[in-house]
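Each chain, written out:
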Amino acid sequence: MTTSSTLEPGWSTPQWRDDALAWVGDALAGPGLRVTGPVEPRVRPWSLVWRVPTDAGPVWFKANNRGTRHEAGLLAALARLTPGAVLRPVAVDVDRGWSLLPDGGPSLRDVLAGKKDLTYWERVLPEYAAVQVALAPYAAELLDLGVPDHRTEVMPGRLAELLEDRESMLVGAANGPTPEAYDRLRAYRPEFAEVCRRLAEVEVPATIQHDDLHDGNIFVADDGYLFFDWGDASIAHPFGTLLVTLRSVAYAFELEPGDPALVRLRDAYLEAWTDRYDRATLRAAADLAMTVAKVSRALSWQRALLTSDPARAEYAEAVPGWLGELFTSNPV
């Protein structure tokens with residue numbers, strides 16, 4: 001297994017910065033743009049983002065670490081397969097995990113600031129569901145691009161593998177699970193396999209699953225919404241999306257689990273599949289998928305933290321933390 005110590009991205013070296021700036025300049029030259037000032041960086045263990053000023057407004061450069069490098073190729077594929085649902089990249093370098101994107105304007109979080117208006121989400125979720133339905137026939141193609149495989153049938157094995165990764169699980173660490181909590185997770189494996197089996201019985205095709213769809217990762221455009229920040233995405237059961245989305249809505253709108261507003265949003269999302277399944281079946285599948293998505297979230301964090309950046313320690317407990325959520329209720 002590759003260890004985190006071998007995955008230093010090198011973003012702090014002058015040579016890397018020079019190479020990246022040259023790549024950005026070359027990419028902008030194609031559409032006739034030029035950089036007009038210094039870049040403004042934001043660095044996280046999983047990615048580096050630059051706001052790059054140009055003579056036509058800002059553009060955004062992103063470099064992913066090796067655990068999330070698939071995002072660059074995925075962005076290009078999404079722009080080709082679902083135009084109008086994502087930003088069209090100015091350029092991507094799949095091998096290096098680099099992408100250059102135009103500015104997307106205000107996010108849904110910006111638009112909702114100070115508002116308690118759920119009608120935005122009632123429109124967003126059907127649009128996002130339509131993207132998932134449209135991409136289901138291309139799941140194999142996206143897997144070939146390196147998008148992680150979180151399909152229902154592989155998830156019991158993925159959980160077992162993750163539990164054996166004692167470094168990621170923080171076994172024995174002060175911020176890790178207690179021995180009793182770790183043993184409880186190991187004992188849960190047969191029950192989790194049964195959850196996956198029951199979910200697979202509802203034959204909803206695997207497709208892209210954003211896995212971090214909240215109001216900060218959606219742009220509000222004049223004619224709809226644009227979905228971005230796909231570094232956590234996987235090919236998985238689509239309904240797993242609801243875990244993060246409904247939790248984030250509940251937090252922002254101060255809603256308790258099971259609130260009728262959350263039920264309404266779940267049902268608005270599921271409407272895209274009502275031509276094939278009755279609503280009761282879809283609601284039951286959504287509950288199972290949100291449980292499976294808790295393991296998906298832990299795996300996403302495991303990949304995101306494949307770096308020797310010391311800042312990874314600030315986020316490391318997210319891996320066992322999300323697995324601990326297996327013993328809590330879903331938002332709906």
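Our subject is the structure that appears above.
Residues numbered from 1 in each chain as written. Predicted model: local features only at pLDDT ≥ 70, side-chain atom pairs only at ≥ 80, totals over all residues. Heavy atoms only, no water.

## Regarding the sheet that holds strand E4 (residues 91-93)
Step number 1: Reading across from one edge, E1-E2-E3-E5-E4 is the order of the five strands in this open sheet, with antiparallel pairing throughout. Edge strands, defined here as strands with exactly one partner in the open sheet, are strand E1 (40-44) and E4. Direction aside, the axes of adjacent strands within the sheet are offset by 15 degrees on average.
Step number 2: Each of strand E2 (47-52), strand E3 (59-64), E4 and strand E5 (98-102) touches helix H1 (residues 14-29); the most contacted strand, E5, lies at about 45 degrees to it. (Pairing = 2+ DSSP bridges. Helix = DSSP H or I, 4+ residues; strand = E, 2+ residues; numbered from the N terminus. Axes fitted to C-alpha atoms, helices over the stretch in contact; angles between N-to-C directions. Contact = heavy atoms within 4.5 Å.)

## Looking at the pattern of salt bridges
Step number 1: On inspection of all chains with the given rule, the structure shows 20 salt bridges.
Step number 2: Across the pair aspartate 93 and arginine 96 runs a salt bridge, and its minimum N-O distance is 2.9 Å.
Step number 3: A single salt-bridge network, built from bridges that share partners, covers Lys62, Glu71 and Asp229. (Salt bridge = Lys/Arg side-chain N within 4 Å of Asp/Glu carboxyl O.)

## Here's the deal with the environment of arginine 42
Step number 1: Looking at the secondary structure, you find arginine 42 in strand E1.
Step number 2: For the pair arginine 42 and leucine 213, spaced 171 residues apart in the sequence, the C-alpha separation amounts to 20 Å.
Step number 3: For arginine 42, the contacting residues outside a window of four places in its chain are Ser47, Leu48 and Val49.

## Considering helix H6 (residues 155-164)
For an α-helix, the turn length of 3.6 residues means that residues three or four places apart are oriented alike.
Step number 1: Those residues of H6 that fall on the buried side of the exposure criterion are Met155, Leu159, Leu162 and Leu163. Mapping the buried residues of H6 onto a view down its axis gives an arc of 100 degrees, with all of them on the same face.
Step number 2: In this fold, the buried residues of H6 make contact with strand E6 (149-150), helix H7 (166-169), helix H8 (179-187), helix H9 (189-201), helix H12 (279-304) and helix H13 (318-324). (Buried < 20%, exposed > 50% of the residue type's maximum accessible area, 1.4 Å probe, protein only. Arc of directions from axis to C-beta.)

## A look at the packing of H9 against H12
In helix packing, the relevant descriptors are the interaxial angle and the interaxial distance, both defined with respect to the helix axes.
Step number 1: One way to put it is that H9 packs onto H12 with a least axis distance of 9 Å and a crossing angle of 135 degrees. By the angle between their directions, the pair H9 and H12 is classed as oblique. As for how H9 packs across H12, the hand of that crossing is left-handed. Residues Phe192, Val195, Cys196, Arg198 and Leu199 of H9 touch H12, and the partners they reach there are Ala285, Leu288, Ala289, Thr291, Val292 and Val295.
Step number 2: Class assignment of the residues belonging to the contact of H9 with H12 gives a composition of nine nonpolar, one polar and one charged. (Parallel < 35°, antiparallel > 145°, perpendicular 65-115°, else oblique. Left-handed = near helix turned anticlockwise from the far one by under 90°. Nonpolar A, V, L, I, M, F, W, Y, C, P; charged D, E, K, R; others polar.)

## Let's talk about the packing of aromatic side chains
Step number 1: Inspection of every chain in the model, using the stated rule, returns 19 aromatic pairs.
Step number 2: A centroid spacing of 5.4 Å and a plane angle of 90 degrees characterise the contact between tryptophan 46 and tryptophan 301, whose relative ring orientation is edge-to-face. Placement of tryptophan 46 in the loop between E1 and E2 and of tryptophan 301 in helix H12 is noted, with a sequence separation of 255 residues between them.
Step number 3: Between tyrosine 188 and phenylalanine 327 the ring centres are 5.3 Å apart and the planes differ by 75 degrees, which places this aromatic pair in the edge-to-face class. Note that tyrosine 188 is positioned in the loop between H8 and H9 and phenylalanine 327 in the segment after H13, a separation of 139 residues in sequence.
Step number 4: With relative accessibility at 7%, the residue tyrosine 188 sits in the buried group.
Step number 5: Take phenylalanine 327: its relative accessible area is 29%, and that puts it in the partly exposed class.
Step number 6: Three or more aromatic residues joined by ring pairs form one cluster here, namely Trp11, Trp16, Trp23, Trp50, Phe61 and Trp98.
Step number 7: Directly above the aromatic system of tyrosine 120 lies the positively charged group of arginine 123, at a separation of 5.0 Å from the ring centroid.
Step number 8: The lysine or arginine in question, arginine 184, covers the ring of phenylalanine 327, its NZ or CZ lying 3.8 Å from the ring centre. (Phe/Tyr/Trp six-rings, centres within 6.5 Å; stacked < 30°, edge-to-face > 60°. Lys NZ or Arg CZ within 6 Å of the ring centre and 35° of its normal.)

## Considerations on unusual backbone geometry
Step number 1: Residues other than glycine seldom take positive phi values, yet aspartate 229 does so here, at roughly 60 degrees.
Step number 2: Here aspartate 229 is to be found in the loop between strand E9 (224-227) and strand E10 (234-236).

## What to know about the environment of glutamine 302
Step number 1: When you line up the elements, glutamine 302 lands in helix H12.
Step number 2: Separated by 269 residues in sequence, glutamine 302 and leucine 33 place their C-alpha atoms 38 Å apart.

## Considering the sheet that holds E6
Step number 1: The three strands are arranged E6-E10-E7 in an open sheet whose pairing can be described as mixed. Looking along the sheet, the strands with just one partner apiece sit at the ends: E6 and strand E7 (207-209).

## A short note on the pairing of E2
Step number 1: Where burial is concerned, most of E2 is hidden: five out of the six residues are buried.
Step number 2: Pairing between E1 and E2: five bridges, direction antiparallel. Each bridged residue has a counterpart across the sheet, and for proline 41 the counterpart in E2 is tryptophan 50.
Step number 3: Between E1 and the antiparallel strand that follows it, E2, lie two residues.
Step number 4: With six bridges joining them, E2 and E3 adopt antiparallel strand pairing. Following the sheet pairing, valine 49 is matched in E3 by lysine 62.

## A short note on the packing of helix H10 (residues 241-253) against helix H11 (residues 260-270)
Step number 1: Relative orientation of the contacting elements H10 and H11 amounts to 145 degrees, with a least axis distance of 11 Å. Here H10 and H11 pass one another in a crossing that is right-handed. Here Thr241, Leu242, Leu246, Val249 and Ala250 of H10 come into contact with H11, specifically with Leu262, Leu265, Arg266 and Tyr269.

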